[in-house]
Amino acid sequence: MTLGLGAVVVASMSIDVRRVLAAAPKEAITPLKPSAAFTAVDSAMHVVFVAQRADCNGNLLLANLAAIGRVKHAVHPAELAIAGVAQDTVAIRPLLPFGLRHSPIRLLGAGERRWLHVIGHHETPTLLIYDREHRLRLASHVDPDPVARVALGRAISHLVTNDPTH
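A word on the sheet that holds strand 4 (residues 46–51). Two pairing modes exist for strands in a sheet, parallel and antiparallel, and in both the strands are linked by backbone hydrogen bonds. Sheet architecture is open: five strands sit in the order 6-5-4-7-8, paired in mixed fashion. A single partner strand is all that each edge strand has here, and the edge strands are strand 6 (105–107) and strand 8 (136–141). Between one strand axis and the next, the sheet turns through 20° on average, direction left out of account. Where strand 5 (residues 79–82) lies against strand 6, three bridges are found, and the strand directions are parallel. Of the residues in strand 6, the one forming a bridge with L80 is I105. Each of strand 7 (126–130) and strand 8 touches helix 6 (residues 146–160); the most contacted strand, strand 8, lies at about 170° to it.

Looking down a regular strand, the side chains alternate between one sheet face and the other. What you see with strand 5 is no split at all: E79 and A81 on one side and L80 and I82 on the other are buried throughout. Inspection of the sheet shows strand 4 paired to strand 5 by four bridges, in the parallel sense. Note that in strand 5 the partner of V50 across the bridge is A81. For the handedness criterion, the β-α-β arrangement of strand 5, helix 4 (residues 86–91) and strand 6 is classed as right-handed.

What follows is about the confidence of the model for the chain. With 75% of its residues at a pLDDT of at least 70, the chain reaches an overall mean of 75. Every residue in residues 1–15 scores below 50 in pLDDT, and together they form 18 contacts with partners more than four places removed in sequence or on other chains.

Taken together, the side chains of I29, V118, I119 and L136 define a hydrophobic patch exposed on the protein surface, amounting to about 310 Å² of accessible area. Mapping V118 onto the fold places it in helix 5 (residues 110–118). For V118, a relative accessible area of 57% puts it in the exposed group.

With respect to the helices, strands and loops of the structure, H158 is situated in helix 6. H158 sits 87 residues away from V71 along the chain, and the two C-alpha atoms are 8.8 Å apart.

So, about the nonpolar core. Membership of the largest hydrophobic core comes to 25 residues, with the highest contact counts inside it found for F49, L80 and I156. At the level of elements, strand 4, helix 3 (69–74), strand 5, strand 7 and helix 6 are the ones that each hand at least two residues to this core. Grouped together as the second largest cluster of nonpolar side chains are ten residues, L32, L108, L116 and Y130 included.

Calculation criteria
- Residues numbered from 1 in each chain as written.
- Predicted model: local features only at pLDDT ≥ 70, side-chain atom pairs only at ≥ 80, totals over all residues.
- Heavy atoms only, no water.
- Pairing = 2+ DSSP bridges.
- Helix = DSSP H or I, 4+ residues; strand = E, 2+ residues; numbered from the N terminus.
- Axes fitted to C-alpha atoms, helices over the stretch in contact; angles between N-to-C directions.
- Contact = heavy atoms within 4.5 Å.
- Buried < 20%, exposed > 50% of the residue type's maximum accessible area, 1.4 Å probe, protein only.
- Right-handed = clockwise from strand over helix to strand, strands pointing away.
- pLDDT = per-residue confidence, 0-100.
- Patch = residues over 30% accessible without salt bridge, like charges linked within 9 Å, V, L, I, M, F, W, Y side chains within 5 Å.
- Areas by Shrake-Rupley, 256 points an atom, 1.4 Å probe, with all protein chains shown as cover.
- Salt bridge = Lys/Arg side-chain N within 4 Å of Asp/Glu carboxyl O.
- Core = buried A, V, L, I, M, F, W, Y, C linked by side-chain atoms within 4.5 Å.

Below, the structure is given as structure tokens:
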């Protein structure tokens, strides 16, 4: 039941939604964006791959979808955001597939992790693609099904190319 603007009754308890939102820390949720190294506005899309050291090597292969064929020429090299501790950024480097081998690596911030949860991504690895204005265009988890991975590769290819025949 809704009462007026912003007051909600839950189990005979009144909660002022505006007051709750105003009291929440402003930095609690930070949208994940490409880092400063990828802020140039040009025609290229930006890829951020979110992973953690415990991710299966096979699941990390999803990052290669942004480093092959026509897609490679339409996106910046992928950036890797690690959900973990600083030592994980070094430990994960030898496990990376070719699509991430020379990518910049940074730690995922707590606010960015909360933002991923808010948009429905609770596990890693996650692939994020941003357009040239840094708007999120695609966010995808790794699906273990090979058919789903092929479909995702096609979706990425269509997303980043301007060729209407593709």
